[in-house]
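Spelled out, the chains give:
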Amino acid sequence: MPDRETSAKKPVNLSLSEALVQESRAYCGNLSAKVEEMLQDYVITQRQARQTHRQQAQQAVADWNSLHDASGSYADGHSTL
């Protein structure tokens, strides 16, 4: 993913609680930068979670195929085809 500092910025509209915005200003001066940082962290976490899920699914398929290759299927003995 491109570096946040060098990538082009796009203005967006967010609807946030006014009270939350006011209180957050006490903790961070640049709300846009903080939201971008938090959103970047969220995107990275979600990307990693999806990759992990994909790898687990691929491993499950490989394990199932190995079991099927070794033992066959229960349905094989009962098929009329």
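See the structure printed just above.
Because the structure is predicted, anything quoted here is derived from the model rather than measured.

### Structural notes on the overall build of the protein chain
Within the protein chain, the regular secondary structure consists of two helices and zero strands. The globule rule puts the C-alpha radius of gyration for 81 residues at 12 Å, and the 25 Å found for the protein chain is more than 25% above it. A buried classification covers 6% of the 81 residues belonging to the protein chain. Roughly 7500 Å² of accessible area belongs to the protein chain as shown, and the carbon and sulfur atoms make up 55% of that amount.

### Thoughts on the pattern of salt bridges
Side chains that differ in charge, positive against negative, can pair when their charged atoms come close. In the structure shown here, the tally under the stated rule is two salt bridges. Its salt-bridge partner being Glu36, residue Lys9 comes within 2.9 Å of it at the nearest N-O pair. Taken together, the residues Lys9 in the segment before helix H1 (18–24) and Glu36 in helix H2 (residues 31–71) connect sequence positions 27 residues apart. On the basis of relative accessible area, Lys9 is assigned to the exposed category, the value being 54%.

### Topic: a nonpolar patch on the surface
A grouping of Val12, Leu14, Leu16 and Val35 is seen on the molecular surface, where their side chains present a nonpolar patch of about 360 Å² in accessible area. Counting through the fold element by element, Val12 comes out in the segment before H1. Given the relative accessible area of 58%, Val12 is considered exposed.

### A short note on the side chain of Ser24
Here Ser24 lies in helix H1. Assessed through its relative accessible area of 15%, Ser24 is described here as buried. Here the side chain of Ser24 touches Val21 through a polar contact of 2.7 Å, landing on its backbone oxygen.

### Quick word on H2
When the terminal C-alpha atoms of H2 are compared, their 59 Å separation across 41 residues agrees well with the 60 Å that a helix rising 1.5 Å per residue should span. A distance of 3.2 Å separates the backbone nitrogen of Ser32 from a side-chain oxygen at the start of H2, and that oxygen is part of Asn30. Just downstream of H2, Gly72 is the residue with a positive phi angle, here 75°.

Parameters at a glance
- Here, residues in each chain are numbered from 1, in the same order as that chain's written sequence.
- Given that the model is predicted, a residue must reach a pLDDT of at least 70 before its local features are reported, and side-chain atom pairs must reach 80 or more before they are shown or counted; all residues, however, enter totals for whole chains, interfaces and linings.
- Hydrogens are left out, water is left out, and the side-chain values use all remaining heavy atoms of the structure.
- Helix numbering and strand numbering both begin at the N terminus, where a helix is a DSSP run of H or I of at least 4 residues and a strand a DSSP run of E of at least 2.
- Throughout, the radius of gyration refers to the C-alpha atoms, and the reference size of a globule is 2.2 Å times the residue count to the power 0.38.
- Working definition: with a 1.4 Å probe on protein chains only, accessible area under 20% of the residue-type maximum means buried, over 50% means exposed, and in between means partly exposed.
- Throughout, the Shrake-Rupley method with a 1.4 Å probe supplies accessible areas, and for residues the shown protein chains are the sole cover considered.
- Throughout this description, the term salt bridge denotes a Lys or Arg side-chain nitrogen within 4 Å of a carboxyl oxygen of Asp or Glu.
- To count toward a patch, a residue needs a relative accessible area over 30% and no salt bridge; like charges are then connected within 9 Å, while nonpolar side chains (Val, Leu, Ile, Met, Phe, Trp, Tyr) are connected within 5 Å.
- In protein, a polar contact means a hydrogen-donor-capable atom and an acceptor-capable atom, both N or O and within 3.5 Å, with residues adjacent in sequence counting only if both atoms are side-chain atoms; elsewhere, any N or O pair within 3.5 Å suffices.
- To estimate how far a helix should extend, the number of its residues minus one is multiplied by 1.5 Å.

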